[in-house]
Amino acid sequence: MLTLARRSEQRAPSGRVLGRRRPGRRVLAALTALASATGLAVVAGPGSVGASSHVAPKDGVTPFPAPAWVDTVGSVALSSPTTGTIGGQSVIAFGTESGYLYVMNAQTGAELPGWPQPVEPQDGVPTAVESSPTIAYLDGPSAPPTIIVGAGSTYVAHQQGGLVAFNANGTVRFRFQTQDVFGEWNNATTPDGYREAVFSTPAIGDVTGNGEQDIVFGSWDHRLYALTPQGRLVKGFPLDTQDTIWSSPALYHLRGSSRTEDIIVGGDASGRAGCYGGFLTDYTYRQGAPQIVWQHCENQTIWSSPAIGVINTTGRPAVVVGTGFGETPPYKSASFQMFAFYGDNGSAVPGWPVATAGPAFGSPAIGTLAGSNTPDIVDTSWCTTCTANGGSSMVYAWNGYGQQVWSQTLAQPNDFASPVLADLTGSGGNDVVVGSSGGLYALDGSNGAFMFGGSQSSPINSCSVLNSVAVENVPGSGAGSGWHLFEACGGPKEVTATGYLYDYPLPATPGSVPPWPAWRGGAGQFGFASSTLPLLRRAAVLRAERAIGARAKAKSRAAAIRSSARPTSR
């Protein structure tokens, strides 16, 4: 049975001007330039619609299941829903552009006691949220989790940026304020009285090797931050990157002590070290401070969030990321590309980079698709050559050596959404769920075909999606239990002031664990494809076996030499 609950919340001030990527460099200018060059609209899509938008049966094909429940909230744009557990109950957390963080019972859609809460980097002043919340066990797995979210938006002007950490009951654990380094809304090169936004989603991991769970995020104040569980700066942070950071960091152990995790993050570049475009950087913590291990300058901005995983038979973890559109037309050579570098030394993965239809803004998803035996990479981009019906977006799947597996076209341009990978049919093969401003789509993982009777013009629903869905197995009994897909959609606020949270039961129980079930790969938001770990272990075993075999052969040769050197008896 479909239930529709109307929420009331305090609205944030309206703002029509988009934010800046750096002093003198406007996001709106980049969007407008892209639109002018390609014929695309700056913000496109039919806007949000209610439950009646659910796709209908077509030619006898079973449609995607109807929602178990739907909630209406403030406008939701880029904040993706995050799943977790509080007090044994599965929950969904997400932010709205009206400046509130929601935490809901995943089975019923009811708000947990103490929620929603205003996100206030400065006490008493709510700030719009585009960052996705992270549910983290900062005090150990037996203690209640902490919900952490960045504050600030391109769509809502004149608000204080920063980061807020909440206890599970909705009380504030700590607030962290970023710096005010330029005029985010008036294009000034001097501070304007507003601390810069945290668009980046916080990643949780031990970056120092001391056993604590650190909180890592970037900001538009040109800095990369790492905080302790108490909200204090980790020694050596922040790092002044000299330009805005949109990208969400990925954390993974690449070197050093077994507990230490490297930080891989993208960022803008406006002249530092002669780089104009964007940096992709690998930081490791040594001698009490973060150090650059490798860094790539690409002559286009990197707003995409890097994903890490083993993508080919080498067994080496690779970093995959796309380029944006901050460098205006004529676009530079690194535009419209997806890159892959080996994490251990930053060398390019053979077959990469690959060409995309346009800029990539979201995070690639890594996991083995239906019909494949090795990990694949799936991502979205705007289609700069598609102008019919107001423009389109593209979804691509590549194998680990950069060969295109398939592509699919989605309705409407300006695709900020990121894909998730999950088995939708119960076959054990993984499919793709991804959105655009035209709605939400399910694609066959083996060939990219629309599933459940859908098409470009017939998505699962036509609610504008600028983020990722979340797939979760909800314990319990009843309509809200089992495997479900959660979609937060409806924004930005210039399209509609109303946002929606949909809860869809999956069409079938997955025959395998979803390899990339949510934004940044799911729990912890650290951007690593844990499903590829068996390939990493297999490669390590093979290396060990080769080493053992080599030592055995060396011993055999040495024995033969010693035997041949002995005097023969007469």
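Residues numbered from 1 in each chain as written. Predicted model: local features only at pLDDT ≥ 70, side-chain atom pairs only at ≥ 80, totals over all residues. Heavy atoms only, no water.

*Asks:* Quick question: what am I supposed to make of the overall build of the chain here?
*Replies:* Counting its secondary structure elements, the chain contains 2 helices and 34 strands. Among the 570 residues that make up the chain, the fraction classed as buried is 60%. In the chain, the share of contacts with a sequence separation of at least 24, taken over all contacts with a separation of at least 6, comes to 59%. Carbon together with sulfur atoms contributes 52% to the accessible area of the chain, which is approximately 20,000 Å² in total. (Helix = DSSP H or I, 4+ residues; strand = E, 2+ residues; numbered from the N terminus. Buried < 20%, exposed > 50% of the residue type's maximum accessible area, 1.4 Å probe, protein only. Contact = heavy atoms within 4.5 Å. Areas by Shrake-Rupley, 256 points an atom, 1.4 Å probe, with all protein chains shown as cover.)

*Asks:* What is the right way to look at the environment of Val-432 in this model?
*Replies:* In this fold, Val-432 is placed in strand β30 (residues 431–436). The exposure class of Val-432 is buried, given its relative accessible area of 0%. The spatial distance from the C-alpha of Val-432 to the C-alpha of Met-451 is 9.8 Å, given a sequence separation of 19 residues. Here Val-432 is in contact with Leu-369, Val-378, Trp-406, Pro-419, Val-420, Leu-421, Tyr-441, Ala-442 and Leu-443, once residues within four sequence places are set aside.

*Asks:* How should I be thinking about the side chain of Asp-214 in this particular structure?
*Replies:* Along the chain, Asp-214 falls in strand β14 (residues 214–218). No salt bridge is formed by the buried Asp-214. Its closest oppositely charged neighbour is Arg-259, at 10.0 Å. Aside from chain neighbours lying at most four places away, what touches Asp-214 is Ala-203, Ile-204, Gly-205, Asp-206, Val-207, Thr-208, Leu-227, Thr-228 and Val-234. (Lys, Arg positive; Asp, Glu negative; His and termini not counted. Salt bridge = Lys/Arg side-chain N within 4 Å of Asp/Glu carboxyl O.)

*Asks:* Quick question: what am I supposed to make of the packing of aromatic side chains here?
*Replies:* In this description, an aromatic ring pair is defined by two values, namely the gap between the centres and the angle between the planes. Scanning the model with the defined rule gives 28 aromatic pairs in all. Here a set of aromatic residues connected by ring pairs shows up, and it is made of Phe-199, Trp-220, Trp-246, Trp-303, Phe-325, Phe-361, Trp-382 and Phe-416. Seen from the ring of Tyr-342, Arg-316 lies directly overhead, with NZ or CZ sitting 3.8 Å from the centre. Sitting over the face of the ring of Trp-519, Arg-520 holds its NZ or CZ atom 5.6 Å from the ring centroid. (Phe/Tyr/Trp six-rings, centres within 6.5 Å; stacked < 30°, edge-to-face > 60°. Lys NZ or Arg CZ within 6 Å of the ring centre and 35° of its normal.)

*Asks:* Sorry, what's going on with the state of the cysteines here?
*Replies:* Linking two cysteines covalently via their sulfur atoms produces the bond known as a disulfide. In the structure shown here, the tally under the stated rule is 2 disulfides. For Cys-275, the disulfide goes to Cys-297, at an S-S distance of 2.0 Å. For the disulfide bridge between Cys-275 and Cys-297, the dihedral angle about the S-S bond is near 95 degrees, and by the sign convention the bridge is right-handed. With a gap of 22 residues between them, Cys-275 in the loop between β18 (262–270) and β19 (276–286) and Cys-297 in strand β20 (residues 289–298) connect regions that are remote in the sequence. Owing to a relative accessible area of 41%, Cys-297 belongs among the partly exposed residues under this scheme. Residue Cys-463 pairs covalently with Cys-489 via a disulfide, S to S 2.2 Å. Taking the torsion about the S-S bond as the criterion, the Cys-463 to Cys-489 disulfide, at about 105 degrees, is right-handed. One end of the pair, Cys-463, is in the loop between β31 (439–443) and β32 (470–474); the other, Cys-489, is in strand β33 (residues 482–489), with 26 residues separating them in the sequence. In this structure, Cys-463 and Cys-489 share a single accessibility class: buried. (Disulfide = S-S within 2.5 Å.)

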